[in-house]
Amino acid sequence: MINPHPAHRRLLLTAGLGSLLIILGACSTAASSSESASQAASQSAAASSAVSESAAESTPAGPTVTITGFTSFGVSEITVPSGEQLTVVNDSSSNHTFTEGENGEKAADARVNEEIAAGSSATVDFPEPGDYHVTCLFHSAMNMVVHVE
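The structure contained in this document is the topic of the report that follows. In this text the structure is predicted, and so the values were computed from the model without any measurement.

In this structure the tally under the stated criterion is two salt bridges. Two residues, E100 and R111, come together in a salt bridge whose shortest N-O distance is 2.9 Å. You can see E100 sitting in strand β4 (residues 96–102) and its partner R111 sitting in the loop between β5 (105–106) and β6 (113–116), a full 11 residues away along the chain. When its relative accessible area of 41% is taken as the criterion, R111 is described as partly exposed. Residue E128 pairs with R111 through a salt bridge whose shortest N-O separation is 3.9 Å. With E128 in the loop between β7 (121–124) and β8 (130–135) and R111 in the loop between β5 and β6, this pair connects stretches of sequence that are 17 residues apart. One salt-bridge network, in which partners are shared between bridges, spans E100, R111 and E128.

Right under this line is the structure:
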C-alpha cells in the first residue's frame, strides 16, 4: 500500500469527517422532525377534542350565525325577534369581531361589538328593533345585516 502525501491524508480525513457530520445532522433532524410532528399531532388532537366537547356542552339555542372562514359570516342577513339574543359561533381558525359597522370599520355609535376567539362563541343583544349592519374589524370582507323585529 502506498502511503499518501500528508496533504492528501488531511484532505481525505476532512472529507470523511465532513461526510460523517452531514449524516449525523440528517439523522438528528429526521428524529427531531418526527418528534415535533408527533407532538404537534397530539396537541392538535387534544385541541380538536376540547373544541368538540365545548360545542357539545353548549349547543346554541335560538338564532345562530356560524363563522367558518374569513370572507363571510355564513349568511348575508338574518332576522332576530326583538328581545332574543343572537348566538355567533366562531368555527374558524382565527379570531373575529361581530361589530356594528361596514367593510371592517366600526360605526361611530356602534351598539354591538364583540370579539370572538377561534373555537368559541358569543351571544349578542340588539338594543332595539331595526336593521344592524355588522362587520368583522379583522376581515373587512365579512359583512351582514341583522334585522331585529
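Having seen it, we continue.
What follows deals with the packing of aromatic side chains. Taken as a whole and assessed by the stated rule, the structure comprises two aromatic pairs. Aromatic pair F73 and F98: ring centres 5.3 Å apart, planes at 80°, arrangement edge-to-face. Within this pair, whereas F73 is found in the loop between β1 (64–67) and β2 (77–80), its partner F98 is found in strand β4, the two being separated by 25 residues in sequence. Of the residues examined, F73 reaches a relative accessible area of 0% and is grouped as buried. Given a relative accessible area of 0%, F98 falls into the buried group. On the basis of an interplanar angle of 55° and a centroid distance of 4.8 Å, the ring pair of F126 and Y132 is categorised as tilted. Note on accessibility: F126 and Y132 belong to one class, buried.

Soluble, globular proteins show a tendency: their nonpolar side chains are buried together. Counting residues in each nonpolar core, the largest one holds 20 residues, and the members touching the most others are F73, L86, F98, F126, M144 and V146. Looking at this core, the elements that each hand over two or more residues are β1, β2, β3 (86–90), β7, β8 and β9 (143–148). No other element matches β9, which puts three residues into this core. Excluding anything up to four places from it in sequence, V146 contacts I78, V80, L86, F98, F126, G130, D131, Y132 and V134.

Glancing now at the pairing of β8. Sheet topology places β4 next to β8; two bridges connect them, and they run antiparallel. Directly across from E100, in β8, lies its bridge partner V134.

With that settled, consider the environment of T123. By secondary structure assignment, the location of T123 is in strand β7. When its relative accessible area of 43% is taken as the criterion, T123 is described as partly exposed. C-alpha of T123 to C-alpha of T87: the two residues are 36 residues apart in sequence and 4.4 Å apart in space.

Here the focus is the side chain of H139. The residue H139 is located in the loop between β8 and β9 in this model. Overall, the relative accessible area of 17% leaves H139 in the buried class. Of the polar contacts made by the side chain of H139, one reaches the side chain of H96; its length is 3.1 Å. Not counting chain neighbours up to four residues away, the residues in contact with H139 comprise F70, S94, N95 and H96.

Moving on: the sheet that holds β3. Here three strands make up an open sheet; going across it, the order is β1-β3-β7 and the pairing mixed. Strands with a single pairing partner mark the edges of an open sheet, and in this sheet they are β1 and β7. Strand-to-strand twist of the sheet, defined as the mean angle between neighbouring strand axes without regard to direction, takes the value 20°. Relative to β7, β3 is paired through four bridges, and the arrangement is antiparallel. Counterpart to T87 in the pairing with β7 is T123.

Basis of the calculations
- Residues numbered from 1 in each chain as written.
- Predicted model: local features only at pLDDT ≥ 70, side-chain atom pairs only at ≥ 80, totals over all residues.
- Heavy atoms only, no water.
- Salt bridge = Lys/Arg side-chain N within 4 Å of Asp/Glu carboxyl O.
- Helix = DSSP H or I, 4+ residues; strand = E, 2+ residues; numbered from the N terminus.
- Buried < 20%, exposed > 50% of the residue type's maximum accessible area, 1.4 Å probe, protein only.
- Phe/Tyr/Trp six-rings, centres within 6.5 Å; stacked < 30°, edge-to-face > 60°.
- Core = buried A, V, L, I, M, F, W, Y, C linked by side-chain atoms within 4.5 Å.
- Contact = heavy atoms within 4.5 Å.
- Pairing = 2+ DSSP bridges.
- Polar contact = N/O pair within 3.5 Å; in protein donor to acceptor, adjacent residues only side chain to side chain.
- Axes fitted to C-alpha atoms, helices over the stretch in contact; angles between N-to-C directions.

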